[in-house]
Amino acid sequence: MSDNQLRLVWIYPDLLSTYGDQGNALVVERRARQRGLDVARLDVRSDQPIPTSGDIYLIGGGEDRPQRLAAERLRRDGHLQRAVQNGAIVFSVCAGYQILGHEFINDLGQREPGLGLLDVVSVRGEGERCVGDVLADIDPQLGLPPLTGFENHQGVTHLGPTARPFARTKIGRGNGTGDGTEGAYNGTVFGTYMHGPVLARNPLIADLLLKLALDVNALPPIDDRWYDALREERIAAAQQPA
Ligand code: GLN
């Protein structure tokens, strides 16, 4: 971070912002401002270049065709990879998660290269689409409370040897491989299948991104009663028999 300003980049709101994922940008922005940070939020449409000077980049989910277009443009742009080399933090959801991997199956049924920022490969699940509320335990190394979110995807994501599972599911499908993993991360690049918006349901993940960006171990506490009530309600909903 330079000039005491946090640069938050929301990638391709015109292609990747289904299921209210834009809420993730609102949550990070608000929680940063509540800590007295000056935030410059940049929403980068798919016809604009990705800046390399961002601190935190967010990417949401999308339908299959916009997902292919987004992958093509991000590959051509090349700046997100450069930003990550410079230490940027990336948090991606669903289609965005798949795009950050080595490859995924596009809307034409073809193997589409991703950005290779996550050591994962996504294929098309042969079974039923994964839809529903999820409850999972986040990797203990990250020191976060249980993950609550909503999934809606056909893709199944396999982790390579260098990716760590972001979480282990207790309820729901997550990566869809049957091994109980949900999401993945490599260094400061995170991917999850969770919508919700996931950072509204899990504000301490937003704080983790802020801590990484600021290079601090702790942030001043803020009133999380509203978030806690939402978490409680959604965790109870996930535990209801289908
Ligand atoms: N098209 C992808 C899939 O179904 C991602 C969907 C999404 O972002 N919700 O796997």
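What counts, and where the lines are drawn
Residues numbered from 1 in each chain as written. Predicted model: local features only at pLDDT ≥ 70, side-chain atom pairs only at ≥ 80, totals over all residues. Heavy atoms only, no water. Salt bridge = Lys/Arg side-chain N within 4 Å of Asp/Glu carboxyl O. Helix = DSSP H or I, 4+ residues; strand = E, 2+ residues; numbered from the N terminus. Buried < 20%, exposed > 50% of the residue type's maximum accessible area, 1.4 Å probe, protein only. UniProt positions renumbered as here; feature names shortened; annotations may be inferred. Contact = heavy atoms within 4.5 Å. Polar contact = N/O pair within 3.5 Å; in protein donor to acceptor, adjacent residues only side chain to side chain. Near = heavy atom within 4 Å. Areas by Shrake-Rupley, 256 points an atom, 1.4 Å probe, with all protein chains shown as cover. Nonpolar A, V, L, I, M, F, W, Y, C, P; charged D, E, K, R; others polar. Pairing = 2+ DSSP bridges. Axes fitted to C-alpha atoms, helices over the stretch in contact; angles between N-to-C directions.

Some thoughts on the pattern of salt bridges
Applying the stated criterion across every chain, the model contains 18 salt bridges. Here R201 and D133 are joined by a salt bridge, their closest N and O atoms 3.0 Å apart. Of this pair, R201 sits in helix 5 (residues 198-201) while D133 sits in strand 8 (residues 130-138), and the two are 68 residues apart along the sequence. When its relative accessible area of 5% is taken as the criterion, R201 is described as buried. The exposure class of D133 is buried, given its relative accessible area of 17%. Salt-bridge contacts for R164 lead to D139; the nearest nitrogen and oxygen are separated by 2.7 Å. Note that R164 is positioned in strand 11 (residues 164-171) and D139 in the loop between strand 8 and strand 9 (147-153), a separation of 25 residues in sequence. In this structure, a network of salt bridges that share partners links the residues E29, R33, R41 and D43.

Overview of the UniProt feature "active site" (unreviewed entry) in the protein
When the UniProt feature table is mapped to this numbering, "active site" (unreviewed entry) covers C94 and H195. For the residues just named, distributed over 102 residues, the greatest C-alpha separation is only 7.8 Å, placing them together at one site. With respect to the helices, strands and loops of the structure, C94 is situated in the loop between strand 4 (89-93) and helix 4 (95-100). Exposure remark for C94: the relative accessible area of 6% places this residue in the buried category. When residues no more than four places from it in sequence are discounted, the contact partners of C94 are G61, N152, H153, T192, Y193 and H195. Excluding anything up to four places from it in sequence, H195 contacts T18, Y19, D21, G61, V93, C94, G149, F150 and N152. A polar side-chain atom of H195 sits 2.9 Å from a polar atom in the side chain of D21.

Topic: the site of the ligand
Surveying the vicinity of the ligand reveals 14 residues, the closest of which are G62, D64, C94, Q154 and G155. Q67 places a polar side-chain atom, nitrogen or oxygen, 3.0 Å from a nitrogen atom of the ligand. Between the ligand and A95 there is a distance of 3.1 Å, counted from an oxygen atom to a backbone nitrogen or oxygen. Within the complex, the protein chains bury 96% of what would otherwise be the 300 Å² of accessible surface of the ligand. Looking at the shell around the ligand, the elements that each hand over two or more residues are helix 2 (64-77), helix 4 and strand 9. Residues belonging to the shell around the ligand are distributed by class as follows: 3 nonpolar, 9 polar and 2 charged.

Observations concerning the sheet that holds strand 1 (residues 5-11)
Spatial strand order, 2-1-3-4-13-12-11-8-9: 9 strands in an open sheet with mixed pairing. At either end of the open sheet lies a strand with only one pairing partner, and these are strand 2 (38-44) and strand 9. Going across the sheet, the axis of each strand differs from the next one's by a mean of 25 degrees, ignoring polarity. With 7 bridges joining them, strand 1 and strand 2 adopt parallel strand pairing. Across the sheet, residue L6 finds its bridge partner in strand 2, namely V39. On the sheet, helix 7 (residues 225-239) packs against strand 8, strand 9 and strand 11 and is oriented at approximately 115 degrees with respect to strand 8.

What about the environment of V189?
Within the secondary structure, V189 sits in strand 13 (residues 189-192). On the basis of relative accessible area, V189 is assigned to the buried category, the value being 2%. Those residues within four positions of V189 in sequence are excluded, and the remaining contacts are V84, V90, L100, L117, L118 and A184.

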